[in-house]
Amino acid sequence: MRVTACRVCAAAPLADVLDFGTVALANSYLPDAAAAAMEPRYPMALCLCQACGHLQINEEVPPADLFRNYLYVTGTSDAVHQHGRLLNASLSAVLPSGRQAAPFIVEAASNDGTILALFKKAGWRVLGVDPAENIADMANARGVETWPTFFSRQTAGEIVARHGRADVFLGRHVLAHVAGLHDFLDGVRAVLRDDGAAVVECPHVLPMFTELQYDQVYHEHLGFFSVTVLRRLFAMHGLELFAVREVGMHGGSLLAFAQPAGAGRPEEASVSRIMQREAEVGVGTLEAWRGFADRVIRQREALVAELTTLRRQGKRVAAYGAAAKGQVMLQWCGIGPDLVEFIVDKSELKQGRLTPGTHIPILAPQALLDRQPDVVLLCAWNFADEILRQQKAYLDRGGRFLHPIPLPHYL
Ligand SMILES: [Zn+2]
C-alpha cells in the first residue's frame, strides 16, 4: 500500500529521496528455485517529510506478510548478549528509587526472549510481546512469558489488567517497524506506571546519513528517527524524552529514555546536544538527503566495479551475513550468483535457503574454509569485529574481507 502522508505529523505530500524500484522482502528467504520463480516484489522509495523532518519509506506491506515466519533470532549473535547486559545496567539506573525489588519490565518485539531472560535472571518480572508465533514459542519454551501478538494500545490494556502497570517498557528496534506509531505510543504510555520509564532503541538517522547506511532501508523499516523527531513524537503521547545514549548495535543506534509527563526526571544535556548535531548536518532537510542519494549511487558503481574486476581476474567471491540489511544492498546493486557464489550465515534457519531477490545460496560459515573464496563481501559489517575474530583461520589462509560502505574498502 502506497503511503502519501507523514506517519508522525500527517503532513503531505512526502518528498522523494531515493527510489529503490521494486524489491523482494529483505527477510523472505526462499526454500528453493521454484519459490524464487514466484517471488513477490514490492515498490519502495525513501522519502522525507519536509514539515517535521521524518525520513520514511512510502510503502507498507501487510505486517502479516512481513513477520509471519520471521527468521531473525536474537540469540544468534554474541554481540547481542553483551548488549543485553549493558541494557540491564542502564535500565536498572532509571528505576524509580525504592522500587528495586522485582521490578516489572514489558518488552515489545521481544523476539526469542534473549534479552528478557537476562532481566529475569537479575530478579525482574518479565513479559514479552512478539507477533512472530514461531519465535514467541521459542521464548515461552525457555520460560519467558511471551504473547504472540503486536504491541498496541489494546495489548497494553490487557497487560495492565493481567499483570499491572510496568516499571519499564522496552522496545528494541521495533519503532522503525511500526506503521501505527500513535496507537503504539498510546500503548507505551498506558502500560507504564506514572513514575515508570520507556526505553526505545532504534537506528539513528545521523550515522545512517554520515556513514551512508542505506542498507537499513527495507520494507520492514518504515521510518528512520532523529532525536528531534522522537522527542516530538513522544510529546504527542504524554511522554517526555529525558535522556539519549548513542550505542553501537546495528551500526549506530539510539537508546531513548522517556517518562510520563510530570514524572520529574530532569532532561539530560545529551538530548539537546544530539539535536544540535542533527541540525548542523541537516538531517531534516531535503537538500541533505538528495546529497545522500547521490553518494548511494556512487557507492553502487564502485562496489559493482570492484566485484566485476575480481571476477574478471578469475577471483572467487562470497559474502558474509544474510541479514535483511545485506539483502537490500545486493538487490539495489544487482549483485547475484554471477558475482557472489554463496553467502554464509550462522543462523541455521537460513542455511540451505536462497537470498531474497538475488537468489544466492546461503551456507554455514564453515563453507569459507571448505571453499576458501578469495574475497568475502562483508554484508554484516555491523558485526565486523566478531566475524573477523571468528574467521581467523580463513584470514590466515590469505582470505580478505571487503567492507561495502561508505565506499568499498578491504579490512
Ligand atoms: Zn512529518
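Only a predicted model underlies this, so the values are computations on that prediction, with no experimental measurement involved.

Engineer: Account for the coordination of the zinc ion, naming residues and giving values.
Structural biologist: Within the protein, Cys6 (SG), Cys9 (SG), Cys49 (SG) and Cys52 (SG) serve as the donor atoms for the zinc ion, at 2.3 to 2.4 Å. Viewed at the metal, the 4 donor atoms of the zinc ion are separated by angles of 104 to 114 degrees, and the geometry they form is tetrahedral. Classification of Cys6 by relative accessible area gives buried; the value is 5%.

Engineer: Could you give an account of the packing of aromatic side chains, with specific residues and numbers?
Structural biologist: Evaluation of the coordinates by the stated rule reveals 11 aromatic pairs. The interplanar angle of 45 degrees and the centroid separation of 5.0 Å between the aromatic rings of Phe151 and Phe169 together place this pair among those described as tilted. You can see Phe151 sitting in the loop between strand S6 (146-147) and helix H6 (153-163) and its partner Phe169 sitting in strand S7 (residues 166-172), a full 18 residues away along the chain. Since its relative accessible area comes to 0%, Phe169 is described here as buried. Summarising the aromatic geometry, the rings of Phe151 and Phe184 are spaced 5.2 Å apart at their centres and angled 70 degrees between planes, so their arrangement reads as edge-to-face. Here Phe151, found in the loop between S6 and H6, pairs with Phe184, found in helix H7 (residues 181-191); they are 33 residues apart in sequence, far enough to count as distant. Here the two residues Phe151 and Phe184 agree in accessibility, since each one is buried. Among the aromatic residues, those joined into a ring-pair cluster are Phe20, Tyr214 and Trp332. In this structure, Arg295 is placed above the aromatic ring of Phe209, and the distance from its NZ or CZ to the ring centre is 5.5 Å. One cation-aromatic arrangement involves Arg371 over Phe342; the distance from NZ or CZ to the ring centre is 5.1 Å.

Engineer: Which residues make up the domain arrangement of the protein, and what values do they have?
Structural biologist: Here the protein is described as being made up of domain 1 (74-278) and domain 2 (287-410). Just the C-alpha atoms count here: the centres of domain 1 and domain 2 sit 30 Å apart. With both sides pooled, the region where domain 1 packs onto domain 2 buries about 1,900 Å², and carbon together with sulfur makes up 68% of that total. Of all residues in domain 1, Leu212, Tyr214 and Asp215 give up the largest surface area on contact with domain 2, accounting jointly for 40% of the area buried on that side.

Engineer: Lay out unusual backbone geometry with the relevant residues and their values.
Structural biologist: With omega at -5 degrees, the peptide bond leading from Ala12 into Pro13 counts as cis. Relative to the elements of secondary structure, Pro13 occurs in the segment before strand S1 (15-23). Omega for the peptide link from Ile405 to Pro406 comes to -5 degrees, which places this bond in the cis form. A positive phi angle, close to 55 degrees, is found at Ala109, a residue other than glycine. Classification of Ala109 as partly exposed rests on a relative accessible area of 25%.

Engineer: Can you explain the nonpolar core? Please cite residues and give values.
Structural biologist: One finds Val17, Phe20, Leu46, Leu55, Tyr214 and Trp289 to be the most contacted residues of the largest nonpolar core, which totals 67 residues. Two domains each provide a minimum of three residues to this core, namely domain 1 (74-278) and domain 2 (287-410). Excluding residues within four positions of it along the chain, Tyr214 makes contact with Phe20, Phe292, Val296, Gln299, Val328, Met329, Trp332 and Cys333. Judged by nonpolar contacts, the second largest core, of 44 residues, contains Leu14, Phe169, Val188 and Val227.

Engineer: Would you mind going over the packing of helix H9 (residues 227-235) against helix H10 (residues 269-281) in detail, with residue names and values included?
Structural biologist: Their axes nearest at 8 Å, the elements H9 and H10 cross at an angle of 125 degrees. Our classification of the angle between H9 and H10 gives oblique. Taking contact as the criterion, the partners of Val227, Thr228 and Arg231 in H9 are, on H10, Val271, Ile274, Met275 and Glu278. Partitioned by chemical class, the residues of the contact of H9 with H10 number 4 nonpolar, 1 polar and 2 charged.

Engineer: Talk me through the sheet that holds strand S12 (residues 317-320); I want residue IDs and the actual numbers.
Structural biologist: Taken together, 6 strands build an open sheet; the order of strands is S14-S13-S12-S15-S16-S17 and the sheet is mixed. Strands with a single pairing partner mark the edges of an open sheet, and in this sheet they are strand S14 (362-363) and strand S17 (409-410). Sheet analysis places strand S15 (residues 375-378) next to strand S16 (residues 400-403), joined by 3 bridges and oriented parallel. For Leu377, the partnering residue across the bridge sits in S16 and is Leu402. Of the strands in this sheet, S12, S15, S16 and S17 touch helix H11 (residues 286-312), which is tilted by about 155 degrees from S16.

Engineer: Residue-level account of the packing of H6 against H7, with values.
Structural biologist: Two quantities define a packed helix pair, namely the angle between the helix axes and the distance between the axes. The N-to-C vectors of H6 and H7 enclose an angle of 15 degrees; their axes lie 7 Å apart at closest approach. In this view, H6 runs roughly parallel relative to H7, as classed from their interaxial angle. When the axes of H6 and H7 are compared, the crossing they make is right-handed. Residue-level inspection shows Arg153, Ala156, Ile159 and Val160 of H6 in contact with H7, the latter providing Asp183, Asp186, Gly187, Ala190 and Val191. The class makeup of the residues in the contact of H6 with H7 is 5 nonpolar, 1 polar and 3 charged.

Parameters at a glance
Residues numbered from 1 in each chain as written. Predicted model: local features only at pLDDT ≥ 70, side-chain atom pairs only at ≥ 80, totals over all residues. Heavy atoms only, no water. Donors = N, O, S within 2.8 Å, 3.2 Å for Na, K, Ca; no water. Tetrahedral: all angles 85-135°; square planar, octahedral: opposite > 155°, others 65-115°. Buried < 20%, exposed > 50% of the residue type's maximum accessible area, 1.4 Å probe, protein only. Phe/Tyr/Trp six-rings, centres within 6.5 Å; stacked < 30°, edge-to-face > 60°. Helix = DSSP H or I, 4+ residues; strand = E, 2+ residues; numbered from the N terminus. Lys NZ or Arg CZ within 6 Å of the ring centre and 35° of its normal. Domains from an automatic or database assignment. Buried area = accessible area lost by both parts, 1.4 Å probe. Core = buried A, V, L, I, M, F, W, Y, C linked by side-chain atoms within 4.5 Å. Contact = heavy atoms within 4.5 Å. Axes fitted to C-alpha atoms, helices over the stretch in contact; angles between N-to-C directions. Parallel < 35°, antiparallel > 145°, perpendicular 65-115°, else oblique. Nonpolar A, V, L, I, M, F, W, Y, C, P; charged D, E, K, R; others polar. Pairing = 2+ DSSP bridges. Left-handed = near helix turned anticlockwise from the far one by under 90°.

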